[in-house]
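Commentary on secondary and tertiary structure
Each chain is listed here by its residues.
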Amino acid sequence: MIFSWILDSGGVGRGAWQGGVIYEFMRWCRENNCLPTITMGASAGGYAAADVATGTEETVMKGWTQWGKPDALRYHYSGPAGIRRFRNHLHHSIRYVMQDRELEGVFGQDRAKKLLIFTTRVRRQDLRPFGRADRLRYFLKSATRKLPKALKYMPKKYSEQPVIFATNLPEELQSEYLRPLTRANFHAVIEASCLVPFAMGLPLRPEDLNSKLYDGDRSAVFLDGGYSVKMPMRLLQEDPRFKNLSPWIAADKTIIFCCDPKGLLWETSARLRHLNRFPTVSDALRSGRLLVISPDHKVEAGFLCTDNHTTMRTFNRGREQARRLLASENIRRFLKADLL
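Summary of the structure given here. (Residues numbered from 1 in each chain as written. Predicted model: local features only at pLDDT ≥ 70, side-chain atom pairs only at ≥ 80, totals over all residues. Heavy atoms only, no water.)

Notes on the overall build of the protein
Scanning the protein from terminus to terminus reveals 12 helices and 8 strands. When the backbone C-alpha atoms are referred to their principal axes, the protein occupies close to 60 × 45 × 45 Å. By residue count, 59% of the 340 residues in the protein fall in the buried class. Counting only contacts in the protein whose residues sit at least 6 apart along the sequence, the fraction spanning at least 24 positions is 77%. Only carbon and sulfur atoms are counted for the fraction: they give 50% of the accessible area of the protein, which is about 15,000 Å². Charge separation in the protein, taken as the distance between the mean sites of 53 positive and 35 negative side-chain charges, equals 6 Å. (Helix = DSSP H or I, 4+ residues; strand = E, 2+ residues; numbered from the N terminus. Buried < 20%, exposed > 50% of the residue type's maximum accessible area, 1.4 Å probe, protein only. Contact = heavy atoms within 4.5 Å. Areas by Shrake-Rupley, 256 points an atom, 1.4 Å probe, with all protein chains shown as cover. Lys, Arg positive; Asp, Glu negative; His and termini not counted. Charge placed at Lys NZ, Arg CZ, Asp CG, Glu CD.)

Spelled out as structure tokens, the structure:
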């Protein structure tokens, strides 16, 4: 049985809830030999997917117990104090959590394991450098994502493209939009996938990601993966740039850890369309090949929370929900455990 897990983006707040849930699921699945072979996600979900790919739930615990601690501030970025503080946390957290032991779990000898982290490549259509005004526009796009469609800010005159980084990626699948995830670019790719401009400081440049450069990278920056893809189902099925990816990551069963409290699988962070009724998704739900897990309570922590106590309360409520779910016969049946 091949399992895949899709981890949703949700900032620190819902990311902490998700962390608590996957901590318990990872522990249970590791003990019962049903950890996923394939994990993927954007933004906080990409970071969570990297946690899962290490093969031990202790990686998840390591990251969230550290989040917001004073020693996470030793890296320094320019900009307003609040922005600088959050970027310090993000930058340090990725490198603190993903050290040699964790990297060995991700890049070990198991070539069947696949980790996919989604990023968004953005550039101005006039190819001018991506500057402060551009960063502000993309911050406003993110800040208005939950508003009704007519009130969302959708900046124009930009080229936005998904770029997926994957471990153990065969050479014949590699392209401008599907690139290898390696030890050399691992930390930077996770950071790029999480970056909302202005709120989290400067975006990353293509050369920061230690991968082959393409013509489309000229004058571009890499930002939060959720701008172009949060839930990849339609992209993998209909986008010709990724037509060969679906067979490579095919799985018998998939769990989506969805940060939306209503269980809506938003295609992108702009929340213009959810995929719950997308034919392949609805069919997988009906046939028992797909399970969606979302918060059953109001998540306390906010999007840019850096308070450790609030974060850990949110994390622990996620653990409590996961323990309730894992006690369910339906969940255990989905995971094919011999414990019924």
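Here the narrative resumes.
Some words on the packing of aromatic side chains
Evaluation of the coordinates by the stated rule reveals 12 aromatic pairs. On the numbers, 5.6 Å between centres and 50° between planes, the contact of Phe139 with Phe198 is tilted. Here the residue Phe139 occupies a position in helix α6 (residues 132–143), and Phe198 occupies one in the loop between α7 (186–194) and β6 (221–224), the gap between them amounting to 59 residues. A residue is classified by how much of its surface remains accessible, and Phe139, at 25% relative accessible area, is partly exposed. Classification of Phe198 by relative accessible area gives partly exposed; the value is 24%. The positively charged end of Lys62 is found above the aromatic ring belonging to Tyr96, 5.1 Å away from the centroid. One residue, Lys253, lies across the ring of Phe334, its end atom 4.7 Å from the ring centre. (Phe/Tyr/Trp six-rings, centres within 6.5 Å; stacked < 30°, edge-to-face > 60°. Lys NZ or Arg CZ within 6 Å of the ring centre and 35° of its normal.)

So, the pairing of strand β3 (residues 114–124)
Taking burial as the measure, the 11 residues of β3 include 10 buried ones, the bulk of the element. Strand direction decides the pairing type here: strand β2 (residues 38–42) and β3, joined by 5 bridges, are parallel. If you follow Thr39 over to β3, its bridge partner there is Leu115. Taken together, the 9 bridges between β3 and strand β4 (residues 158–166) define a ladder with antiparallel strand orientation. Across the sheet, the residue bridging to Phe118 is Ile164, located in β4. Note that β3 and β6 share 4 bridges and pair antiparallel. Bridge assignment links Val122 to a residue of β6, and that residue is Val221. (Pairing = 2+ DSSP bridges.)

Considerations on helix α11 (residues 308–326)
Taking 1.5 Å of rise per residue, the 19 residues of α11 would be expected to cover 27 Å, and the 26 Å separating its terminal C-alpha atoms lies within 8% of that figure. Of the surrounding secondary structure, the elements contacted by the buried residues of α11 are α1 (11–31), α3 (58–66), β8 (290–293) and α12 (329–334). (Expected span 1.5 Å × (residues − 1).)

A closer look at α1
The end-to-end C-alpha distance of α1 is 29 Å, a good match for the 30 Å that 21 residues give at a rise of 1.5 Å each. Within α1, 17 of the 21 residues are buried, which leaves the element mostly enclosed by the surrounding structure. Asn33 lies just past α1 and shows a positive phi near 60°.

Some points on the side chain of Arg179
Looking at the element boundaries, Arg179 is found in strand β5 (residues 178–180). Looking at Arg179, the relative accessible area reads 1%, which means it is buried. For Arg179, the side chain forms a polar contact with the main-chain oxygen of Glu176, separated by 2.8 Å. (Polar contact = N/O pair within 3.5 Å; in protein donor to acceptor, adjacent residues only side chain to side chain.)

Describing the pairing of strand β1 (residues 3–7)
Counting buried positions along β1 yields 5 of 5 residues, so the element is predominantly enclosed. Side chains Phe3, Trp5 and Leu7 project from β1 onto one buried face, and the interleaved Ser4 and Ile6 project onto a second face that is buried too. Note: β1 against strand β7 (residues 253–257), 5 bridges, orientation parallel. Counterpart to Phe3 in the pairing with β7 is Lys253. Relative to β2, β1 is paired through 4 bridges, and the arrangement is parallel.

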